[in-house]
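Examination of the molecular architecture
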Amino acid sequence: MHKTNHTHSLFFFLKNKEMSELYLTLAFRNFTLGLLSLFIPVFLYKLGYSFIAIIMYFIWFYLFAFVGIAKGTYLCSKIGVKHTIFLSLPLTLTYFILLYGLEQYKIPLILIGLVNGIGAGFFWSAFHVYFSHNGKDGHRGKEVSTMNTVLAIASAFAPVIGGAIAGGVSFKALFIFASVCLMCCAIPLFLTKEKKMTIPFKTKQLFSKKHFLEDVPYIGEGMRFTTLGIFWPFYIYLSGLGVLVMGLSLTLANFFYIIFTIIMGMITDTEKKMSLIKMGAVLHSASIFLRGFVTDVYSIMFLYAYGGITGPMLEVPFLSLFYENTSKTHGILVVVREFYLVIGRVFILLTGAILYYTTNSFFWTFVPIFILGGLSCYLTAVAHKFKKPEKS
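Treat the numbers as computed from the prediction; the structure is a model and nothing was measured.

1. Things to note about the environment of Gly117
Note on placement: Gly117 falls in helix H6 (residues 109–134). The spatial distance from the C-alpha of Gly117 to the C-alpha of Ile69 is 9.0 Å, given a sequence separation of 48 residues. Filtering out sequence-adjacent residues up to four positions away, Gly117 remains in contact with Phe61, Phe64 and Ala65.

Following this line, the structure appears as structure tokens:
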């Protein structure tokens, strides 16, 4: 393989059996969750759950997801990475079943958050460890670009399909369709041999003052993910635009996201990652700041599209740096990152709950949240390359 050849990167990684099966598994899973995840806050709200109750559900989900991450890294060394991913699938299927029954039975949201969180934690712990282990320094940008492009293509029409089924048929029909699709995730897993990987993680590594500045970017990442993944879809729905418009807007954003992800993949491995991250943070933050001030469909679609352009400018170099650093820490950074992601996510969710409780106004809840979401990009921008081979 010629390291300077960027044009064949996608084909090379698809020829790599370990990476290609990982891409396929993630593509199936992302398509399945793309059918549902955008609409979960809306679904719960339509069932009569209060705004604060919905926020509490997501707090429980993220807390349990971290537990799943910690346990998942342990399972990677005992039963193997692929079996850990496979173990996440019945948990995610159970999550769909619980959501399916929520209209008829009063299932505690904390139970749904527990099942979904542990399943997600198992999947992502194994995925990040496997991805960083099989990737190569000097090609991280192309690897992340290929991964995100495959994800974006797989999920490009998922929100529209999900919105059409939820809006045209019912949310129950959507859950059944998603459950069938989820089972396809298991197909690519065992095309190659299982690998057991030991992650020498210790709890004290979560609270290292020496490395705190290295972990701050993940707090910002968690705040940004939650702002865009939970508050933004909910805001669109409350603006009266409906689930189909939500799906169409995200599909439009995915179109631009795919193009600029490919471009950033070619740039990231040849330029300084930290400089690209800082540029991406400045440009992407603007797309988040403005979201609390738009209510018409064209403004919302414009910001979705602009976010699709600027998102890869931040995400591709940032994730490239993360996987590069993860390989240097023997997978420890996977757990550390998730811990600080949870801090960022819980912080922004609690802030939203407090704002709504004190103001009883969605406007004065969402505007500050989007401002904080925009500022979180600047926290991400303090990321840097690890100089030491191990994080202690």
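After presenting the structure, the write-up continues.
2. Observations regarding the confidence of the model for the protein chain
When pLDDT is averaged across the protein chain, the result is 82; 87% of the residues are at 70 or more. Looking at the elements of the protein chain, mean pLDDT is at its lowest for helix H1 (residues 9–15), recorded as 49, and at its highest for helix H15 (residues 363–380), recorded as 94. Across residues 1–13, where pLDDT falls below 50, the model places 18 contacts with residues more than four positions away in sequence or in other chains. Scored below 50 in pLDDT, residues 388–392 makes 18 contacts in the model with residues more than four places away or belonging to other chains.

3. A look at helix H14 (residues 332–359)
Relative to the 40 Å expected for 28 residues at 1.5 Å per residue, H14 spans 41 Å between its end C-alpha atoms, a close match to the ideal helical length. By the criterion of burial, H14 is predominantly enclosed, with 21 of the 28 residues buried. Looking one or two residues past H14, Asn360 carries a phi angle of roughly 55 degrees, positive in sign.

4. Focus on the packing of aromatic side chains
Within the structure shown, the criterion is met by 32 aromatic pairs. Their ring planes at 70 degrees and their centres at 5.4 Å tell us that Tyr235 and Phe366 sit as a pair that is edge-to-face. A residue pair is termed long-range when its members are at least 10 positions apart, and Tyr235 in helix H10 (residues 212–238) and Phe366 in helix H15 qualify at 131 residues. Phe366 matches Tyr235 in its accessibility class, with the two residues each being buried. An aromatic cluster of at least three residues, connected via ring pairs, comprises Tyr45, Phe51, Phe231, Trp232, Phe234, Tyr235, Tyr304, Tyr356, Phe362, Phe366 and Phe370. The ring of Tyr304 is capped by Arg291, whose NZ or CZ atom sits 5.9 Å from the centre of that ring. Taking the ring centre of Phe322 as reference, the NZ or CZ of Arg337 above it sits at 4.6 Å.

Conventions used here
Residues numbered from 1 in each chain as written. Predicted model: local features only at pLDDT ≥ 70, side-chain atom pairs only at ≥ 80, totals over all residues. Heavy atoms only, no water. Helix = DSSP H or I, 4+ residues; strand = E, 2+ residues; numbered from the N terminus. Contact = heavy atoms within 4.5 Å. pLDDT = per-residue confidence, 0-100. Expected span 1.5 Å × (residues − 1). Buried < 20%, exposed > 50% of the residue type's maximum accessible area, 1.4 Å probe, protein only. Phe/Tyr/Trp six-rings, centres within 6.5 Å; stacked < 30°, edge-to-face > 60°. Lys NZ or Arg CZ within 6 Å of the ring centre and 35° of its normal.

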